[in-house]
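Read off the chains here:
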Amino acid sequence: MKKDLTRVFVLGGLLPFAPIIAPAAIADEVVQLEEVIVTANRREENLQEVAMSVSAFTDEFFKNTGTTSLQQLDQYTPNFKISPVTDSRSTSIRIRGIGSVGSNAGIDPSVGVFIDGVYQGRAGMSVADLMDIQRVEVLRGPQGTLYGKNTAAGALNIISKAPSELFEAEVEAVVGNFKARELRGVVNVPLGDSGHATRLSGYYVENEGFDENTFSGDKVNTTDRYGMRSRTLFNMGSAGDLTLSFDYSKNEGDCCAPDIIDYEGSGSPQGVPFSKLAASTGIPVPEADGYDRELFYDTPFVNDTEIGGVALDWSAELSNEIVLTWINAWRGYESFSVLDGDFSHYPGVRYQTDVEVEQVSSEFRIASPLGEKFDWQVGFYYYDFQMDTEGENGFLPLLGQNFLDPPFAGGFWPDGGINFDTNRHETTSYALFGQGNWTFAENWKLTFGARYTTEQKDRAGSQVSFPKPIFEIDAPPIAGADVSVDESREESDISPMVSLSFFPRNDLMFYASISQGFKSGGFNQLRTAAGVSGEFDDERSRNYEAGWKGTWLDRRLQINGTVFFVDYEDFQSQTFDGQAITVRNAGGMESKGVEFDLIYVPNVLTTLGLAIGYNDATYSEFDNAECTAAENYEETGGDGLIPITCTQDLAGEPIDNAPKWTVSNYVQFQDDLGSGGLSWTARLEYNFIDELYMAQDLDEALHRDAVNMVNARLSLSGKDNQWQVTLWGRNLLDEEYHVIGFDIPVMGGFAGI
């Protein structure tokens, strides 16, 4: 991840390919932008008539850019960031600077992910390949009314391709550097003349790894994943359509081992720096280089995940054109991860987490026909979520023997120590929601809605440390008195929204809106200090937004823009101070800025695109933020018996992982090649991500400079696009950067991925 995996790849196969302008338009030398249909409001609408900030990526985009995963989308999406941490389970998704790291099982995401209308309870459940996708919609701002809880920052709406009555087959193969090999395939088969059809898709992706573990000699940060999906459509005539979906994916790569940026950093607050371990073992500390792709660690990283589910989607249109929709789903998720907690070749710290998730959801909607003076939709939602976790956080003997100086060295953990956390988190949620559109005057539309949610969360578990130190000590997350918990919390919420739209002409809209969302409270999975509650409350957000969407020049130019202000209250802060992970309701945050996108087709051969995001995300109140590593060391002086109590006030300071400017632009050319039906397509992209802080404490050691990315593709297609061969490269400027950075536990220093 330090470099964006690239150089040059070759892709080939049977690739039915839809250009950005309609084929008929090409033949007549008439150029118009195609209409993009989205379901951001839970029903099909023209993107240009949806009164919210939405980035919509169609199947054509995925073909044109070679994008196959959500992680790649943050290069193209204003004010959007997605990245793994030390495993895919911990994936962080942020919109307008706001999001949550998934490493703590007790914390719900701030950005909801929905696949074919089904909510994914954790971000890690959505990191499989974008397989046979029709469209991805990034909905910015709270989506509490139609999408429900845990969409305080926004939502991702992922729609896979539906079965159709036409036979279709597609195969794609990719080879590249790092011995990358990818294979994807799709087949759509009509089942007789009844309207029934089934669609099957699958993929396999592997590479040898981007880095080398010099300690073991192995290639690491490998990719090894595969998956499949089936969707079967049953046409039941007047009784509607029934779609049965099944998907399964497995990941056995060893993501995400970090590279150490600095072994010494600002010192070890616990008094066990790497230099002390080097003196104890006689093994020297390596020279640090965060970009050399040479890692040194002794405990192999494990990142095994399995994701699967079954869904049944029924929809029917009644004689009065009212549409009924009922989506029922079961999903399962398993993750087993092991990581070398000190990221080094010294046997110091080891973490292990085993997670099993099962969730059941059901949503029933009734929608009136669109186009009336007043149209509406109402619905009911049920969600049951169960997650079992088993975690191990431990010191190994070397670290225990070097904790404190003589004569107390080894007096606490001479043989090392480990904490076992076992938890079951259960969530049961019910919701009623509705939204209406009232065209109260010519060219004016008022949209309003609300959602009532009631929810119960239960958590039962224990924290047990072993062996007990010779002298009793409270040292989360590693040691302390044995604790058993059985606790519950209930909460309810009303999430309203209202927007006003004005259409001065058919292809131009201005709008203003207010919406509200919330994110559930919960319980910290990890051991906390004695007397400190692991429970935290929900966070709430309110979004004020105004914008326009319009087309000009006979639909050859499209320009959309949004200005926004989002206010967050009681946001859930998960921070790591180099010793323990704490979760708290920390105060307030504000996010304000602009989103702008433009598409221009000057002629039949050329397409230009530009997307810009400006986001000023700051803390409005945060007087108990974690201190930097230097401030923690100053407090303890390297004495492991002195607890870290330092805090800082970050009011008015920027939020971490929230770049102010994000820019994505491209130019694409396509033309026929001779008279044999051949055609060629060339695409050049430039993407910019502004500087940012990678850690919440805003440590200058984890400040990242701006990133400039250049990507290019050149494709040759056969007659009627029956085949296509593509030569492409990413990160052609060879930019070196980290997607996330953090303090190294106990020993001090900094690492990044």
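### With respect to the overall build of the protein
In terms of regular secondary structure, the protein is built from five helices and 46 strands. In terms of overall dimensions, the protein is globule-like: its C-alpha atoms have a radius of gyration of 26 Å, near the 27 Å expected for 753 residues. Taken along the three principal axes of its C-alpha coordinates, the protein extends 85 × 55 × 50 Å. The 753 residues of the protein split such that 58% are buried. In the protein, once contacts between residues fewer than 6 apart in sequence are set aside, the share between residues at least 24 apart is 69%. When the accessible area of the protein is evaluated, it comes to approximately 28,900 Å², of which 57% is carbon and sulfur surface.

### Things to note about the pairing of strand 6 (residues 92–95)
Successive side chains on a regular strand alternate, one facing one side of the sheet and the next facing the other. The alternating pattern of strand 6 places S92 and R94 and I93 and I95 on opposite faces, both of which are buried. Taking the residues that link successive antiparallel strands as the turn, the strand 6-strand 7 (residues 98–100) hairpin has two residues, and the phi of R96 there is positive, at about 55°.

### Notes on the side chain of N615
By the element assignment, N615 lies in strand 36 (residues 606–621). Only 3.1 Å separates the side chain of N615 from the backbone oxygen of R96, close enough to count as a polar contact. Among the polar contacts listed, one links the side chain of N615 to the side chain of S591, at a separation of 2.7 Å. Setting aside residues up to four positions removed in sequence, N615 forms contacts with N79, R96, G97, F564, S591, K592, G593, A658, P659 and K660.

### Digging into the sheet that holds strand 16 (residues 218–220)
Overall, mixed pairing links the three strands, which are arranged 16-15-20 in an open sheet. Where the open sheet ends on each side, the last strands, each with one partner, are strand 16 and strand 20 (294–295). Here strand 15 (residues 211–213) runs beside strand 20; their pairing, made up of two bridges, is parallel. Each residue of the ladder has a partner; that of E212, found in strand 20, is E294.

### Comments concerning the environment of M125
Of note, M125 is situated in the loop between strand 9 (118–120) and strand 10 (133–140). Here M125 falls in the buried class, since its relative accessible area comes to 2%. Remark: the alpha-carbon pair of M125 and F420, spanning 295 residues in sequence, is separated by 24 Å. What M125 contacts, discounting residues up to four positions off in sequence, is Q120, I307, R331, Y333, V357 and Q359.

### Some details on the nonpolar core
Counting residues in hydrophobic clusters, the biggest one holds 42 residues, and the most contacted among them are L277, F343, L399, F742, V746 and M747. Contributions of two or more residues to this core are made by helix 3 (274–281), strand 23 (349–367), helix 4 (397–402) and strand 43 (707–717). If you tally residues by element for this core, the top one is helix 3, at three residues. Of all hydrophobic cores here, the second largest spans 37 residues; its members include L70, I82, V111 and A123.

### A closer look at helix 5 (residues 629–636)
Three or more residues of helix 5 are buried, namely A629, N632 and T636. The buried residues of helix 5 occupy one face: seen down the axis, they fall within an arc of 60°. On its buried face, helix 5 sits against strand 45 (741–743) and strand 46 (750–752). In the segment just after helix 5, G637 is the residue with positive phi, at about 65°.

### Digging into helix 3
Within the span of helix 3, buried status applies to F274, K276, L277 and A278. Looking at the buried side of helix 3, the elements it contacts are helix 4. Two residues or fewer past helix 3, G282 is found with a positive phi of approximately 80°.

### Describing the state of the cysteines
Applying the stated rule across the entire model yields two disulfides. Each sulfur in the disulfide pair C255 and C256 lies 1.5 Å from the other. Disulfide C255-C256: the torsion about the S-S bond is 45°, which places it as right-handed. When its relative accessible area of 2% is taken as the criterion, C256 is described as buried. The disulfide partner of C627 is C646, and the S-S distance across this bridge is 1.9 Å. Disulfide C627-C646: torsion about the S-S bond near -75°, hence left-handed. Separated by 19 residues along the polypeptide, C627 in the loop between strand 37 (625–626) and helix 5 and C646 in the loop between helix 5 and strand 38 (647–648) bring together distant segments of the chain. Pair check on accessibility: C627 and C646 agree, each one buried.

### Let's talk about the sheet that holds strand 5 (residues 80–83)
In space, the three strands of this open sheet follow the order 5-6-7, with antiparallel pairing throughout. In the strand order of this sheet, the two ends are held by strand 5 and strand 7, each with one partner. Across this sheet, the average inter-strand angle for adjacent strands is 10°, counted without regard to direction.

### Considerations on the confidence of the model for the protein
Predicted confidence across the protein gives a mean pLDDT of 90, with 94% of residues reaching 70 or more. In this model, residues 1–28 is a region of pLDDT below 50 whose contacts with residues beyond four sequence positions or in other chains number 120 contacts.

### Some words on the pattern of salt bridges
Inspection of the entire model under this criterion finds 39 salt bridges. Its salt-bridge partner being K250, residue E306 comes within 3.7 Å of it at the nearest N-O pair. Pair noted here: E306 is in strand 21 (residues 302–317) and K250 is in strand 18 (residues 241–251), with a separation of 56 residues, a long-range link. The exposure class assigned to E306 is partly exposed, which follows from its relative accessible area of 28%.

### Focus on the packing of aromatic side chains
Under the defined criterion, the tally for this structure stands at 24 aromatic pairs. With a centroid separation of 4.7 Å and 50° between ring planes, the pair formed by F57 and F61 is classed as tilted. Neither F57 nor F61 differs from the other in exposure class; each is buried. Relative to F274, the ring of Y263 lies with its centre 5.2 Å away and its plane at 85°, an arrangement referred to as edge-to-face. With Y263 in the loop between strand 19 (259–262) and helix 3 and F274 in helix 3, this pair connects stretches of sequence that are eleven residues apart. Judged by its relative accessible area of 6%, Y263 falls in the buried class. Ring pairing ties together the aromatic residues F114, Y119, Y147, Y381, Y383 and F385, which thus form one cluster.

### So, the environment of D388
Secondary-structure assignment places D388 in strand 24 (residues 374–395). Residues D388 and A460, 72 residues apart in the sequence, show an inter-C-alpha distance of 9.7 Å. Apart from the residues lying within four places of it in its own chain, the contact partners of D388 are D354, V355, E356, N423 and R424.

Rules used throughout
Residues numbered from 1 in each chain as written. Predicted model: local features only at pLDDT ≥ 70, side-chain atom pairs only at ≥ 80, totals over all residues. Heavy atoms only, no water. Helix = DSSP H or I, 4+ residues; strand = E, 2+ residues; numbered from the N terminus. Rg over C-alpha atoms; globule rule 2.2 N^0.38 Å. Buried < 20%, exposed > 50% of the residue type's maximum accessible area, 1.4 Å probe, protein only. Contact = heavy atoms within 4.5 Å. Areas by Shrake-Rupley, 256 points an atom, 1.4 Å probe, with all protein chains shown as cover. Pairing = 2+ DSSP bridges. Polar contact = N/O pair within 3.5 Å; in protein donor to acceptor, adjacent residues only side chain to side chain. Core = buried A, V, L, I, M, F, W, Y, C linked by side-chain atoms within 4.5 Å. Arc of directions from axis to C-beta. Disulfide = S-S within 2.5 Å. Axes fitted to C-alpha atoms, helices over the stretch in contact; angles between N-to-C directions. pLDDT = per-residue confidence, 0-100. Salt bridge = Lys/Arg side-chain N within 4 Å of Asp/Glu carboxyl O. Phe/Tyr/Trp six-rings, centres within 6.5 Å; stacked < 30°, edge-to-face > 60°.

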